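Single-letter residue listing:
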Amino acid sequence: MTARDFGLEQLCPKLRTMPYILTSPKDPRYNCVAFAVGDVTQFWYDVSINGYYWPPSARSADTIEGWVDVFEIHGFRQTDDRSLETEYEKIAIYASADGPEHVARQKASGMWISKAGKGRDLEHELEALEGNFYGKVVKIMKRKCQGGRRVLE
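Reference entry: report on the structure contained in this document. Bear in mind the structure is a predicted one, so any value in this text is a computation, not a measurement.

On to the overall build of the protein chain. A count of helical and extended segments in the protein chain gives three helices and nine strands. Written out in order from the N terminus, the α and β elements of the protein chain read α-β-α-β-β-α-β-β-β-β-β-β. Relative to the globule expectation of 15 Å for 153 residues, the C-alpha radius of gyration of the protein chain, 15 Å, shows essentially globular dimensions. Dimensions of the protein chain along its principal axes, counting C-alpha atoms only, are 45 × 35 × 30 Å. Within the protein chain, buried positions represent 48% of all 153 residues. Contacts in the protein chain between residues at least 24 apart in sequence constitute 57% of all its contacts with a sequence separation of at least 6. Split by element, the accessible area of the protein chain, about 7,900 Å² in all, is 52% carbon and sulfur. Looking at the protein chain, you have 21 positive and 22 negative side-chain charges, and the mean spots of the two groups are 3 Å apart.

Here's what the structure looks like:
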């Protein structure tokens, strides 16, 4: 039997009917933005609190533009293509009317993986997290794989 996160399913009801796999225990040290760029040592948000980080040249973490800045700094460029392109790594930014809420990274399998706040990492379909809590996917970004597809997951 596969483990489930009923709290996360409450926030993201599509997870009740779409497949997902929990891939880590809870870890409050990092969040989805940090996870998407490969940093599991600090929480990425623009506040002056020890243990938090935000690139100095990026705009506010409360804006989609700020999140786009972060990923552009890491070599990503915007695209409209959500499909798997084996020569590219992709990220998807989810946003609500309040601004950016979540980001997921595409795996070499075509599935997506992300960090649920200060909770667990999970593998999921892109649409599985869309809803009232995280909003909808509003940006897809990609970067050319360096020396083959990066395998962090």
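An order of 1-8-7-6-5-9-4 is seen for the seven strands of this open sheet, with the pairing classed as antiparallel. Each having just a single partner strand, strand 1 (20–22) and strand 4 (77–79) make up the two edges of the open sheet. Ignoring strand direction, the axes of neighbouring strands in this sheet form an average angle of 30°. When strand 5 (residues 88–96) meets strand 9 (residues 136–144), the two strands line up antiparallel, connected through eight bridges. Note that in strand 9 the partner of Tyr88 across the bridge is Lys144.

Conventions adopted
- Residues numbered from 1 in each chain as written.
- Predicted model: local features only at pLDDT ≥ 70, side-chain atom pairs only at ≥ 80, totals over all residues.
- Heavy atoms only, no water.
- Helix = DSSP H or I, 4+ residues; strand = E, 2+ residues; numbered from the N terminus.
- Rg over C-alpha atoms; globule rule 2.2 N^0.38 Å.
- Buried < 20%, exposed > 50% of the residue type's maximum accessible area, 1.4 Å probe, protein only.
- Contact = heavy atoms within 4.5 Å.
- Areas by Shrake-Rupley, 256 points an atom, 1.4 Å probe, with all protein chains shown as cover.
- Lys, Arg positive; Asp, Glu negative; His and termini not counted.
- Charge placed at Lys NZ, Arg CZ, Asp CG, Glu CD.
- Pairing = 2+ DSSP bridges.
- Axes fitted to C-alpha atoms, helices over the stretch in contact; angles between N-to-C directions.

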